[in-house]
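Structural overview for review
Each chain, letter by letter, is given below.
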Protein chains: 2
Amino acid sequence: MQPPGRRLATARRQGEYFMSSPAQSIQTNPQFSAEERAAVYRAIHTRRDVRGQFLPDPVPDEVLARVLTAAHHAPSVGFMQPWDFIVVRAPEVKQKVNQAFRLAHAEAELMFEEGKRATYRKLKLEGILEAPINLCVTCDRRRNGPVVVGRTHIAAMDLYSSVCAVQNLWLAARAEGLGVGWVSIFHQQALRDALGIPREIIPVAYLCIGYVSHFYDRPELEAAGWLPRLALGELLHFDRWQGEADAAGTALLARLDDADPARG
Amino acid sequence: MQPPGRRLATARRQGEYFMSSPAQSIQTNPQFSAEERAAVYRAIHTRRDVRGQFLPDPVPDEVLARVLTAAHHAPSVGFMQPWDFIVVRAPEVKQKVNQAFRLAHAEAELMFEEGKRATYRKLKLEGILEAPINLCVTCDRRRNGPVVVGRTHIAAMDLYSSVCAVQNLWLAARAEGLGVGWVSIFHQQALRDALGIPREIIPVAYLCIGYVSHFYDRPELEAAGWLPRLALGELLHFDRWQGEADAAGTALLARLDDADPARG
């Protein structure tokens, strides 16, 4: 790993500008076959947030390299690539992170109404110690200087870029047969302390990664009746927030059931 | 579309709890074939942020239904599914959004150093009017009430869920041969005004979607030399932020080049 200073210097090498580029080469075979397209949808629709099914089997380096590379090829605002990845395998570091989780989890319990509290306490919400790989995906908001193309008006765009990296990794992991669980019940500073992350870096996601005994057919919270999956048609608006479906919108609504793998 | 009140009532139907669920069925064929896995990586590595290559060709309803369904199957914190989707096709609405972009773009120009300013002005940063479909992906932070499993300590988790929906849609769109461009140069309130979005709803992403004449081989900002792609190995940390690679880390670093489609 290069020290952060050298990395930033590399990123700041911006001698050339957008419009002065030579003609850019184009993708020679842009079309996906029906089978390839189906595989992408399969990854999207069979991906799960895994909590309790991790196996101790080691993850081969070439597999981990592929899913990390997938994350690194996420879109980023102004091509700033604000992410870093902390690969955690050391049991003592996992223990520290686990303690940070336990503390926040105990606090979270008290936020739920009394009737739900006992249930919340029993939920399996993470696999920090069981998963062979833990991964913290961060966002360096200062990378490439203060003014970033596309981040001039919505400051969160750099955080969103790091989230895109997480979702790329998640789908790649599913295709590799790896389960991924996103743990978010932490005080951000406690997670920083456990991993030695500087104050100016935002920990965006803490992921548990490993092979699994099985993937569930449906999200656990859906199967348990915690919340139903919302009907997509109820979430669609047309031209404006209060816009009703016109003929084009009605035609689109009529195709939603066919597109749903649980119904189509 | 159901009125928001009815939708929230549906989402709040939480009679059952996580641990009281019946045994959940598991995915019967969890493995991806080598071809399926390659297709997922192909979508990840050939996806582009498209600005200038949109064709006016209509997007069939079944295709739009599939990519929206992919978005709706993103992970969400506590399964809250905080997203809504505004499908924009009306030219007058696109014009309003375009005006909001133009205003912010003119402001952004002034934020760049003088030397870069003229270049920034010439950048093609959106395809609002050219793309047949525009899509605003939002986040309703109040959906399912104030206490959400997994959002007790990091408030942004609901916004991150909506970003995961964007990335799912982007990859599905690539597999369908559709280009997607994320436009982020807006005052959030101006975008709300143009689309009639209530104050409490966060517009997370404004996407231009359509078939394209071609996809570029590399991201435009990379090809133009605006910024280089960072070396993934420089972004990897081991066990702690300041952690050096041990034997396991070194073995992982050695596999990165093989995993990179531009090198492997």
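What you are looking at is a predicted structure, and each value in this text was computed from that prediction instead of being measured.

**Focus: the overall build of chain A**
From N to C terminus, chain A includes 11 helices and 5 strands. Overall size of chain A, expressed as C-alpha extent along the three principal axes, is 60 × 55 × 40 Å. Looking at chain A as a whole, 62% of its 264 residues are labelled buried. Restricting to contacts in chain A with at least 6 residues of sequence separation, those with at least 24 account for 78%. Summed over all atoms, the accessible surface of chain A reaches about 10,000 Å², with 52% contributed by carbon and sulfur. Averaged over its 31 positive side-chain charges, chain A has a centre that lies 5 Å from the centre of its 30 negative ones.

**Topic: the confidence of the model for chain A**
With 91% of its residues at a pLDDT of 70 or more, chain A shows a mean pLDDT of 90. Confidence drops under pLDDT 50 across residues 1–21 of chain A; counting only partners more than four residues distant or on other chains, this segment forms 54 contacts.

**Quick notes on the packing of aromatic side chains**
Geometrically, a pair of aromatic rings is defined through the distance of the ring centres and the angle of the planes. All names here are of chain A. By the definition in use, this model includes 10 aromatic pairs over all chains. Ring geometry for phenylalanine 101 against phenylalanine 186: centres 6.4 Å apart, planes inclined by 75°, an arrangement best described as edge-to-face. Note that phenylalanine 101 is positioned in helix H4 (residues 91–111) and phenylalanine 186 in the loop between strand E3 (178–183) and helix H7 (188–195), a separation of 85 residues in sequence. The exposure class of phenylalanine 186 is buried, given its relative accessible area of 1%.

**What about the UniProt feature "domain: Nitroreductase" (unreviewed entry) in chain A?**
Taking the UniProt record as the reference, the feature "domain: Nitroreductase" (unreviewed entry) is found at residues 44–211 of chain A. Here residues 44–211 of chain A runs as 43% helix and 18% strand, with 18 Å between its end C-alpha atoms.

**A few points about the nonpolar core**
By size, the foremost hydrophobic cluster in this structure holds 109 residues, and its most contacted members are A:Phe85, A:Trp182, A:Leu207, B:Phe85, B:Trp182 and B:Leu207. Dropping the residues within four chain positions of it, B:Trp182 is found in contact with A:Met157, A:Tyr160, A:Cys164, B:Asp49, B:Arg51, B:Val163, B:Val166, B:Trp170, B:Val204, B:Ala205, B:Tyr206 and B:Leu207.

**What about the domain arrangement of chain A?**
By a widely used convention, the size of an interface equals the accessible area lost when the partners come together. Along its sequence, chain A is carved into domain 1 (49–229) and domain 2 (230–264). Of note, the centres of domain 1 of chain A and domain 2 of chain A, computed from C-alpha atoms alone, are 31 Å apart.

**Observations concerning the pairing of strand E1 (residues 83–88) of chain A**
All names here are of chain A. In terms of burial, E1 is largely enclosed, as 6 of its 6 residues are buried. The side-chain alternation of E1 yields two buried faces, one formed by Trp83, Phe85 and Val87 and the other by Asp84, Ile86 and Val88. Pairing of E1 with strand E2 (residues 133–140), which is carried by 6 bridges, proceeds in the antiparallel orientation. What sits directly across from valine 87, in E2, is leucine 135.

**A closer look at the interface of chain A and chain B**
Each side of the interface is counted separately: chain A has 146 residues, and chain B has 145 residues. Interface area for chain A against chain B, summed over the two sides, is near 14,700 Å², with a carbon-plus-sulfur share of 64%. Taken together, the links from chain A to chain B amount to 6 salt bridges. A:Arg42 serves as the salt-bridge partner of B:Glu36, at 2.9 Å between the closest nitrogen and oxygen.

**Things to note about the environment of A:Ala65**
For A:Ala65, the position within the fold is in helix H3 (residues 61–72). Sequence-distant contacts of A:Ala65, that is, excluding residues within four places in its chain, are made with B:Leu252, B:Arg255, B:Leu256 and B:Ala259.

**Overview of the sheet that holds strand E5 (residues 236–238) of chain B**
Strands sit in the order E3(A)-E4(A)-E2(A)-E1(A)-E5(B) across an open sheet of 5 strands; the sheet is mixed. Looking along the sheet, the strands with just one partner apiece sit at the ends: E3 of chain A together with E5 of chain B. Here the strands of the sheet are splayed against their neighbours by 25° on average, with no regard to which way each runs. Pairing of E2(A) with strand E4 (residues 201–211) of chain A, which is carried by 8 bridges, proceeds in the antiparallel orientation. In the strand pairing of E4(A), A:Leu135 is matched with A:Leu207. The sheet contacts of H7(A) involve E1, E2 and E4 of chain A, and relative to E4(A) the element is tilted by about 70°.

**Considering the side chain of B:Glu222**
Among the secondary structure elements, B:Glu222 is positioned in helix H8 (residues 220–223). If near-sequence neighbours (up to four positions away) are discounted, B:Glu222 is found in contact with A:Phe79, B:Leu227 and B:Arg229.

**What to know about the side chain of A:Arg51**
Residue and element names in this part refer to chain A. Relative to the assigned elements, arginine 51 resides in the loop between helix H2 (34–46) and H3. Among the polar contacts listed, one links the side chain of arginine 51 to the side chain of aspartate 49, at a separation of 3.4 Å. Among the polar contacts listed, one links the side chain of arginine 51 to the backbone oxygen of tryptophan 182, at a separation of 3.4 Å. Sequence-distant contacts of arginine 51, that is, excluding residues within four places in its chain, are made with Lys124, Leu125, Glu126, Gly127, Gly181, Trp182 and Glu220.

**With respect to the pattern of salt bridges**
In the structure shown here, the tally under the stated rule is 30 salt bridges over all chains. The closest approach of N and O atoms between A:Asp49 and A:Arg51, which form a salt bridge, is 3.4 Å. Residue classification places A:Arg51 among the buried positions, given a relative accessible area of 14%. For B:Glu62, the salt bridge is made with A:Arg255, and the minimal N-O distance between the two is 3.6 Å. In this pair, B:Glu62 sits in helix H3 (residues 61–72) while A:Arg255 sits in the loop between helix H10 (247–254) and helix H11 (256–259), so the two residues belong to two different chains. Residue A:Arg255 is classed as partly exposed on the basis of its relative accessible area, which comes to 31%. The network of salt bridges with common partners includes A:Arg37, B:Arg66 and B:Glu176.

**Describing the packing of helix H4 (residues 91–111) of chain B against helix H7 (residues 188–195) of chain B**
Residues and elements named next belong to chain B. Between H4 and H7, whose axes approach to 9 Å, the crossing angle comes to 165°. Here H4 lies roughly antiparallel to H7, going by the angle between them. Taken as a pair, H4 and H7 cross one another with a handedness that is right-handed. Facing H4, whose interface residues are Val93, Lys96, Val97 and Ala100, H7 presents Ala190, Leu191, Ala194 and Leu195. Partitioned by chemical class, the residues of the contact of H4 with H7 number 7 nonpolar, no polar and 1 charged.

Basis of the calculations
- Residues numbered from 1 in each chain as written.
- Chains lettered and ligands numbered in written order.
- Predicted model: local features only at pLDDT ≥ 70, side-chain atom pairs only at ≥ 80, totals over all residues.
- Heavy atoms only, no water.
- Helix = DSSP H or I, 4+ residues; strand = E, 2+ residues; numbered from the N terminus.
- Buried < 20%, exposed > 50% of the residue type's maximum accessible area, 1.4 Å probe, protein only.
- Contact = heavy atoms within 4.5 Å.
- Areas by Shrake-Rupley, 256 points an atom, 1.4 Å probe, with all protein chains shown as cover.
- Lys, Arg positive; Asp, Glu negative; His and termini not counted.
- Charge placed at Lys NZ, Arg CZ, Asp CG, Glu CD.
- pLDDT = per-residue confidence, 0-100.
- Phe/Tyr/Trp six-rings, centres within 6.5 Å; stacked < 30°, edge-to-face > 60°.
- UniProt positions renumbered as here; feature names shortened; annotations may be inferred.
- Core = buried A, V, L, I, M, F, W, Y, C linked by side-chain atoms within 4.5 Å.
- Domains from an automatic or database assignment.
- Pairing = 2+ DSSP bridges.
- Buried area = accessible area lost by both parts, 1.4 Å probe.
- Salt bridge = Lys/Arg side-chain N within 4 Å of Asp/Glu carboxyl O.
- Axes fitted to C-alpha atoms, helices over the stretch in contact; angles between N-to-C directions.
- Polar contact = N/O pair within 3.5 Å; in protein donor to acceptor, adjacent residues only side chain to side chain.
- Parallel < 35°, antiparallel > 145°, perpendicular 65-115°, else oblique.
- Left-handed = near helix turned anticlockwise from the far one by under 90°.
- Nonpolar A, V, L, I, M, F, W, Y, C, P; charged D, E, K, R; others polar.

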